[in-house]
Number of protein chains: 2
Amino acid sequence: MKRIKLTVAYDGTRYSGWQLQPNAETIESVLNRHLSGLLKEEITVTGASRTDAGVHSLGNVAVFDTNTRIPVEKISYAMNTRLPEDIVIQDSCEVEPDFHPRRTDSRKTYEYRILNRKFPLPDCRHNTYFVHRNLDVEKMSQAAEYLRGEHDFKSFCSVHAQVQSTVRTVYGICVEKENDIVTIRITGNGFLYNMVRIIAGTLLQVGIGCLRPEEIETILEKKDRRAAGPTAPAHGLTMIGIEYLQNGFCKF
Amino acid sequence: MKRIKLTVAYDGTRYSGWQLQPNAETIESVLNRHLSGLLKEEITVTGASRTDAGVHSLGNVAVFDTNTRIPVEKISYAMNTRLPEDIVIQDSCEVEPDFHPRRTDSRKTYEYRILNRKFPLPDCRHNTYFVHRNLDVEKMSQAAEYLRGEHDFKSFCSVHAQVQSTVRTVYGICVEKENDIVTIRITGNGFLYNMVRIIAGTLLQVGIGCLRPEEIETILEKKDRRAAGPTAPAHGLTMIGIEYLQNGFCKF
């Protein structure tokens with residue numbers, strides 16, 4: 001029995017998110033179906049980031065156990081001939097038998113992308129959130145700095161979430177504009193339910209001048225979801241990748 | 001009666017190209033239908049670049065005559081509420097009554113984009129051509145230099161094309177790589193049928209080492225379509241924009 005780790009890129013537009021659900025097509029259901037077909041075993045993957053409907057990925061991680069004799073590095077190629085073109089395996093490798101994609105310490109990176117111009121561009125409609133009001137990127141950057149480090153992010157967590165602790169560490173966060181696209185890039189040891197989208201929605205409030213950058217500090221202190229801005233739409237969000245920290249080393 | 005010029009962006013994936021065709025949805029048919037609905041007149045647009053099925057645009061141009069009293073600059077907003085989300089008007093303005101989008105001297109810019117990596121990325125599948133073989137971008141750049149200037153581009157023109165002259169001027173051409181995307185950007189006074197896609201297909205032959213850069217010169221001299229490389233697929237091509245040269249000035 002081997003434990004295999006897949007790096008999975010997808011365009012989330014057509015899917016009801018990552019996680020299995022009755023009567024809905026999800027990334028997990030598609031992976032389970034095609035892995036089972038390829039490997040002639042009943043396969044159930046465990047995902048690292050259970051992304052919402054409409055969220056995209058360049059490097060989400062799925063892990064499963066198999067007895068197959070297909071060489072591990074060939075699984076990515078074989079799967080890509082079976083998968084629909086909006087899901088592509090980027091890598092397949094063997095991992096330790098006790099490796100768990102959510103319980104192993106990691107650094108996850110997400111990007112939230114905003115198209116900021118007078119009119120939308122058809123090409124970006126599925127992977128950027130269109131905002132026509134002029135955004136003050138400098139102020140958004142200043143606001144983002146307050147989120148860096150270890151904080152209780154309860155104000156930035158959907159009220160429906162059931163978690164033991166709402167303390168997380170943001171290792172890096174930046175807001176950059178290139179052409180008409182404003183990108184919020186954030187790396188942390190983990191993210192609460194809807195946390196990146198609520199951060200994006202709150203930084204957007206700063207960008208349009210409805211919040212001052214220093215108000216982020218007050219929002220964190222309040223530990224109340226109602227203090228933060230709205231949840232920005234799912235389709236602007238992309239899970240970029242996950243680095244696993246094992247034996248002091250970073251492993252992608 | 002006023003003559004109006006629209007700047008039109010579209011994702012060409014769903015359309016059978018620009019030009020009207022029986023029993024097929026085209027950019028022209030969608031524009032005519034929605035302009036006629038908005039302005040309550042029978043409208044027929046004239047396009048600048050009659051792009052093929054699957055080709056995209058950031059700034060193609062459509063011109064039409066109307067008696068409407070709707071302010072010209074409002075037409076873009078009004079049309080965008082009616083159009084499907086894969087076609088977006090970027091600008092509407094009034095032009096001289098004799099302005100013709102194809103007969104007026106202009107500089108047109110196209111980009112051909114290639115995703116060059118081990119596996120495709122779902123996000124780019126409709127607007128880049130995926131090539132897994134490693135491309136020598138330096139050699140492609142050298143090859144592109146031979147195309148700069150005035151030449152008879154007969155070798156780079158689809159044999160089905162009916163044109164009086166196959167001489168065109170390429171004002172600028174460059175090949176650049178950013179992350180995994182190789183972009184061929186080309187500006188000229190006009191392009192023959194399939195010319196940019198045949199240039200892209202030929203530069204790709206250079207990129208994979210099947211042609212040497214200096215062979216481009218021989219290909220031009222032969223004035224024979226069979227001398228050049230294959231026509232690269234439509235979905236990698238985007239019409240970027242058109243500058244019109246009037247009274248010595250450049251007008252977008």
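Predicted model, so just to flag it, every value in this text is computed and none were measured.

*Asks:* Sorry if this is basic, but what is going on with the overall build of chain A here?
*Replies:* Each helix and strand counted, chain A has five helices and eleven strands in total. The C-alpha atoms of chain A give a radius of gyration of 19 Å, which matches the 18 Å a tight globule of 252 residues would have. Viewed in the frame of its principal axes, chain A has a C-alpha envelope of about 60 × 40 × 35 Å. Put simply, chain A has 252 residues, and 55% of those count as buried. Within chain A, counting contacts between residues at least 6 apart in sequence, those at least 24 apart form 71% of the total.

*Asks:* Help me understand the interface of chain A and chain B in this model?
*Replies:* How big an interface is tends to be stated in terms of accessible area lost as the parts join. Taken together, the contact pairs 24 residues of chain A with 24 residues of chain B. Summed over both sides, the interface of chain A with chain B buries roughly 2,000 Å², with 54% coming from carbon and sulfur. Ranking the residues of chain A by area buried against chain B places F119(A), P122(A) and R125(A) at the top, with a combined share of 30%. The interface formed by chain A and chain B holds four salt bridges in total. For the interface between chain A and chain B, the tally reads ten residue pairs in polar contact (both at pLDDT 80 or more).

*Asks:* Sorry, what's going on with unusual backbone geometry here?
*Replies:* Most peptide bonds take the trans form, and the phi angle of most residues other than glycine is negative. Residue and element names in this part refer to chain A. Positive phi values are uncommon outside glycine, yet N194 reaches one of about 65 degrees. Relative to the elements of secondary structure, N194 occurs in the loop between β9 (181–188) and α4 (195–207). Among the residues examined, N194 registers a relative accessible area of 16% and is labelled buried.

*Asks:* Help me understand the side chain of S155(B) in this model?
*Replies:* Residues and elements named next belong to chain B. Assignment of secondary structure puts S155 in the loop between β7 (149–152) and β8 (167–178). In terms of polar contacts, S155 uses its side chain to reach the backbone amide nitrogen of D224, at 2.8 Å. In contact with S155, other than residues within four places in its own chain, are I198, I219, L220, K222, K223, D224, R225 and A228.

*Asks:* What is the right way to read the packing of aromatic side chains from this model?
*Replies:* Per the stated rule, a full pass over the model turns up ten aromatic pairs over all chains. Considering the side-chain rings of F153(A) and F156(A), the 6.2 Å spacing of their centres and the 65 degrees angle between planes classify their relative orientation as edge-to-face. The residues F153(A) and F156(A) share a single accessibility class, namely buried. Relative to W18(B), the ring of Y10(B) lies with its centre 6.0 Å away and its plane at 45 degrees, an arrangement referred to as tilted.

*Asks:* Is there a simple way to explain helix α1 (residues 27–39) of chain A in this structure?
*Replies:* Given 3.6 residues to a turn, an α-helix orients residues that are three or four positions apart in the same direction. All names here are of chain A. Relative to the 18 Å expected for 13 residues at 1.5 Å per residue, α1 spans 18 Å between its end C-alpha atoms, a close match to the ideal helical length. Counting buried positions over the 13 residues of α1 gives eleven, a clear majority of the element. I27, E28, S29, V30, L31, N32, H34, L35, S36, L38 and L39 are the residues of α1 that are buried. Looking at the packing, one finds that the buried side of α1 touches β1 (2–10), β3 (56–66), α2 (74–82) and β4 (87–95). At the C-terminal side of α1, K40 shows a positive phi close to 55 degrees.

*Asks:* Help me understand the relation of the copies chain A and chain B, please; the structure alone is not making it clear to me.
*Replies:* If you rotate chain A by 180 degrees and push it 0.0 Å along the axis, it lands on chain B with an RMSD of 0.0 Å. Such a combination of turn and shift is consistent with a two-fold rotation axis. Take the interface residues of chain A: 100% of them recur as interface residues in chain B, which is what a same-surface contact looks like.

*Asks:* Help me understand the packing of helix α3 (residues 137–145) of chain B against helix α4 (residues 195–207) of chain B in this model?
*Replies:* Residue and element names in this part refer to chain B. Remark: α3 packs on α4, axes separated minimally by 8 Å, with the N-to-C direction vectors making an angle of 135 degrees. Considering the angle they form, α3 stands oblique to α4. As α3 runs across α4, the sense of the crossing is right-handed. Facing K139, M140, A143 and A144 of α3, the residues of α4 in contact are L203, L204, V206 and G207. For the contact of α3 with α4, the residue count by class is six nonpolar, one polar and one charged.

*Asks:* Explanation requested: the confidence of the model for chain A in the structure shown.
*Replies:* Any segment with low pLDDT has predicted coordinates that should not be analysed in fine detail. On average, residues of chain A carry a pLDDT of 95, and 98% of them reach 70 or more. The ipTM, which scores confidence in the relative placement of chains, is 0.90 for this predicted complex, and the corresponding pTM is 0.93.

The rules behind the values
- Per-chain numbering applies: the sequence of each chain, read as written, is numbered from 1 onward.
- Each chain takes a letter, starting from A, and each ligand takes a number, starting from 1, following the order in which they are written.
- Only residues with pLDDT of at least 70 get local features here, since the model is predicted, and only at 80 or more are side-chain atom pairs given and counted; chain-wide, interface and lining totals rely on the full set of residues.
- No hydrogens and no water enter the side-chain calculation; it runs on all heavy atoms of the structure.
- For the purposes of this entry, the term helix denotes a DSSP run of H or I that reaches at least four residues, the term strand denotes a run of E that reaches at least two, and both are numbered from the N terminus.
- Only C-alpha atoms enter the radius of gyration; for comparison, a globular chain is expected to reach 2.2 Å times N to the power 0.38, where N is the number of residues.
- Three labels apply to residues, based on accessible area from a 1.4 Å probe with only protein chains included: buried if under 20% of the type maximum, exposed if over 50%, partly exposed otherwise in between.
- The contact definition used throughout considers only heavy atoms, calling two residues in contact when any of these lie within 4.5 Å.
- By definition, the buried area sums, over both parts, the 1.4 Å-probe accessible area that each loses when the two are put together.
- Salt bridges are defined by distance alone: a side-chain nitrogen of Lys or Arg within 4 Å of a carboxyl oxygen of Asp or Glu.
- Here a polar contact is taken to be a pair of N or O atoms separated by no more than 3.5 Å, where protein atoms must pair a possible hydrogen donor with a possible acceptor and residues adjacent in sequence count only if both atoms sit in side chains.
- Each Phe, Tyr or Trp ring, with Trp reduced to its six-membered ring, pairs with another whose centre is within 6.5 Å; inter-plane angles below 30 degrees give stacked pairs, above 60 give edge-to-face pairs, and intermediate values give tilted ones.
- Multiply 1.5 Å by the residue count of a helix minus one, and that product is the helix's expected span.
- Least-squares superposition of the copies uses the C-alpha atoms of those residues scoring a pLDDT of at least 70 in each of them.
- To obtain each axis, a line is fitted to C-alpha atoms, and for helices this fit is confined to the stretch in contact; angles are then taken between N-to-C directions over 0 to 180 degrees.
- Angular relationships are summarised with four words: roughly parallel below 35 degrees, roughly antiparallel beyond 145, roughly perpendicular across 65 to 115, and oblique for the angles in between.
- Two helices that cross are described as forming a left-handed crossing if the nearer one is turned anticlockwise from the farther one by less than a right angle, and a right-handed crossing if clockwise.
- When residue character is reported, Ala, Val, Leu, Ile, Met, Phe, Trp, Tyr, Cys and Pro are called nonpolar, Asp, Glu, Lys and Arg charged, and the others, Gly included, polar.
- You can read pLDDT as the predictor saying how much it trusts each residue, on a scale of 0 to 100.

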